[in-house]
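Each chain, written out:
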Amino acid sequence: MTTSTPLGSTGLRRIAPALVAVVVLVAVWQVYVDVSGIRPQVLPSPSRVVAQGWSHRAEIGVHAAATLQVTLIGFTVSLVLAWLLAIVVDFSPALRRAFVPLFVASQTLPIIAIAPLMIIWFGFGLLPKVLVIALVTFFPVAIGLIEGFAATDREAGALMRSMGATRGQVFRYVRLPSALPRFFTALRIGITYAVVGAVFAEYVGATQGLGIYMSLQKNSFRTDLVLAAVLVTALLSVTLYLLTFAVERVVAPWARAEDRNHHD
């Protein structure tokens, strides 16, 4: 039986081209730096980035833990708000017409302008970073849920109502399971945005985190450590992205089956 996780044989075949591309790009990068003799302050080699990152692993680890903490808190707030509003909107078509345009409009706000305002209004604590992450990630999760609820099979809902089911029961047993596949797709988009949002918020103003670490190392012309922090950020994003598949397999195993059938 073929596994439904991204680390199974099918998943490995899908990501193999990307892995090959990364290996080739890193090899070209390494050769270019060795041949050109470019200064490491401008462009360090991949080997130097890894070596220096490992040498400063304790310091980078502290900042990575701070970023992970902020990311998880901010994304949890975003998920709670997205679920609450999506459910409310699903029960009221009038509210859907009122709120969905506002959700879309929220994405037109440039984070590069909003993040500094959050720092000005709320200081350098946890709150402004959580708000930035929630603002960045709320839209894809909420829209994924709203569209998932709307895509429910009408005949299944009609059958439940003909059997005397209440609107709440139809939602619980038909609309909610139907929405989960789209929710997990949106979840994967949102969690990668969450890490980027956390780093950017820290870059604007924070005492700990990969964002502020990158800023400090940039000011010290330690490009190798900046890139090491970028690599750690990418690893955090990929790890959280992969964890969504594990959660999906436990919560909604049929969602992966539907995805495979769609691609087949």
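Residues numbered from 1 in each chain as written. Predicted model: local features only at pLDDT ≥ 70, side-chain atom pairs only at ≥ 80, totals over all residues. Heavy atoms only, no water.

Within an unreviewed UniProt entry, the label attached to the protein chain reads ABC transporter permease, and the organism entered is Gordonia hongkongensis. Of the comments in the UniProt record for the protein chain, the one headed Subcellular location (unreviewed entry) reads "Cell membrane". According to the UniProt record, the Sequence similarities (unreviewed entry) comment for the protein chain reads "Belongs to the binding-protein-dependent transport system permease family." (UniProt positions renumbered as here; feature names shortened; annotations may be inferred.)

Trainee: How would you summarise the overall build of the protein chain if you had to cite specific residues and measurements?
Mentor: Scanning the protein chain from N- to C-terminus turns up eleven helices and zero strands. Along the chain direction, N to C, the helices and strands of the protein chain fall in the order α-α-α-α-α-α-α-α-α-α-α. Expressed as a percentage of contacts within the protein chain between residues at least 6 apart in sequence, the contacts between residues at least 24 apart total 73%. Just so you have it, the protein chain exposes about 14700 Å², and 70% of that area is on carbon and sulfur atoms. (Helix = DSSP H or I, 4+ residues; strand = E, 2+ residues; numbered from the N terminus. Contact = heavy atoms within 4.5 Å. Areas by Shrake-Rupley, 256 points an atom, 1.4 Å probe, with all protein chains shown as cover.)

Trainee: Before we move on, could you go through the side chain of Thr137 and cite the residues and values that matter?
Mentor: Position of Thr137 relative to the elements: it lies in helix H6 (residues 126-150). Engagement of the side chain of Thr137 in a polar contact is seen with the side chain of Ser78, the distance being 2.8 Å. Apart from residues no more than four positions distant in its own chain, Thr137 is found in contact with Phe75, Ser78, Gly190, Tyr193 and Ala194. (Polar contact = N/O pair within 3.5 Å; in protein donor to acceptor, adjacent residues only side chain to side chain.)

Trainee: Just give me the short version of the packing of aromatic side chains, but keep the residues and values in it.
Mentor: A full pass over the atoms with the stated rule returns three aromatic pairs. When the centroid spacing of 5.1 Å and the interplanar angle of 65° are considered together, the rings of Phe183 and Phe184 count as edge-to-face. For the pair Phe183 and Phe184, one class covers both residues: buried. A connected cluster of aromatic rings, assembled from ring pairs, spans Trp83, Phe183 and Phe184. The ring of Trp54 carries the charged tip of Arg57 above its face, separated from the ring centre by 4.2 Å. One residue, Arg188, lies across the ring of Phe245, its end atom 4.1 Å from the ring centre. (Phe/Tyr/Trp six-rings, centres within 6.5 Å; stacked < 30°, edge-to-face > 60°. Buried < 20%, exposed > 50% of the residue type's maximum accessible area, 1.4 Å probe, protein only. Lys NZ or Arg CZ within 6 Å of the ring centre and 35° of its normal.)

Trainee: Describe a nonpolar patch on the surface, naming the residues involved and giving the relevant values.
Mentor: Together, Leu117, Ile120, Trp121, Phe122 and Leu127 line one region of the surface with nonpolar side chains, adding up to about 540 Å² of accessible area. It is helix H5 (residues 111-122) that contributes the most residues to the nonpolar patch, four residues altogether. Take Leu117: it is sitting in helix H5. According to the relative accessible area criterion, Leu117 is partly exposed, its value standing at 34%. (Patch = residues over 30% accessible without salt bridge, like charges linked within 9 Å, V, L, I, M, F, W, Y side chains within 5 Å. Salt bridge = Lys/Arg side-chain N within 4 Å of Asp/Glu carboxyl O.)

Trainee: Talk me through H6; I want residue IDs and the actual numbers.
Mentor: For H6, spanning 25 residues, the distance from its first C-alpha to its last is 35 Å, which sits close to the expected 36 Å at 1.5 Å a residue. Among the 25 residues of H6, 18 are classified as buried, and the element is accordingly described as predominantly covered. (Expected span 1.5 Å × (residues − 1).)

Trainee: With reference to specific residues and values, describe the packing of helix H4 (residues 93-106) against H6.
Mentor: For the pair H4 and H6, the least separation of the axes is 9 Å and the interaxial angle reads 145°. Viewed along their axes, H4 and H6 form a crossing whose handedness is left-handed. Across the interface between the two elements, Arg96, Val100, Phe103, Val104 and Ser106 of H4 pack against Leu135, Phe138, Phe139, Ile143, Ile146 and Ala150 of H6. Per-class residue counts for the contact of H4 with H6 are nine nonpolar, one polar and one charged. (Axes fitted to C-alpha atoms, helices over the stretch in contact; angles between N-to-C directions. Left-handed = near helix turned anticlockwise from the far one by under 90°. Nonpolar A, V, L, I, M, F, W, Y, C, P; charged D, E, K, R; others polar.)

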